[in-house]
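Single-letter residue listing:
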Amino acid sequence: VSTQSTGSSGINAEYGGYNLREVIFHPGDPTQPKQKVLVFIASVENDDYLGPASLENMAQCIATCVGQSGPNYEYLFNLAHMMRLLFPTCKDDHLFDLEEECKRIRNGYVKPDEKR
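Conventions used here
- Residues numbered from 1 in each chain as written.
- Predicted model: local features only at pLDDT ≥ 70, side-chain atom pairs only at ≥ 80, totals over all residues.
- Heavy atoms only, no water.
- Helix = DSSP H or I, 4+ residues; strand = E, 2+ residues; numbered from the N terminus.
- Buried < 20%, exposed > 50% of the residue type's maximum accessible area, 1.4 Å probe, protein only.
- Contact = heavy atoms within 4.5 Å.
- Areas by Shrake-Rupley, 256 points an atom, 1.4 Å probe, with all protein chains shown as cover.
- Salt bridge = Lys/Arg side-chain N within 4 Å of Asp/Glu carboxyl O.

Colleague: How would you explain the overall build of the chain if you had to name every residue and give the values?
Modeller: Counting its regular elements, the chain contains three helices and six strands. Burial analysis of the chain (116 residues in total) assigns 27% to the buried set. The contacts in the chain between residues at least 6 apart in sequence include a share of 35% that link residues at least 24 apart. Total accessible area on the chain is roughly 8,600 Å²; 52% of this is exposed by carbon and sulfur atoms.

Right, dumping it as structure tokens:
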């Protein structure tokens, strides 16, 4: 699974601190056709943009923040679930590590080297 920009002829817009980009999606299965998809990317103008952060800091933010559409962790958990369901051979360590860390925070588990 990979993507590439569609270039200047594609969609390029901004919505409430997010940039909307049109990219080409390349399925992991070469027998499947490439598809144009839309991707929202948070911009630095977004008040909620976290910026470069550790996995732990990202998970803490996701585990505790709520947006207009509901808790951020629900989006993360649904995304991870759908990736496993739709793309079972796709290995996305960052997504699944983020999901695991967020669940750890939500369940109140403390790592041995952490203080409460």
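Colleague: Tell me about the pattern of salt bridges, and please be specific about residues and values.
Modeller: By the definition in use, this model includes four salt bridges. Of the charged contacts, one joins Glu99 and Lys103 as a salt bridge, the two residues approaching to 3.4 Å between their closest N and O atoms. Within this pair, Glu99 and its partner Lys103 are both found in helix H3 (residues 93–106), separated by four residues, close to a single helical turn. You can call Glu99 buried: its relative accessible area is 5%. Residue classification places Lys103 among the partly exposed residues on the basis of a relative accessible area of 36%. In this structure, the salt-bridge partner of Glu101 is Arg104, at a minimum N-O distance of 2.5 Å. You can see Glu101 and its partner Arg104 sitting in helix H3, three residues apart, about one turn around the helix. Judged by its relative accessible area of 7%, Glu101 is buried.

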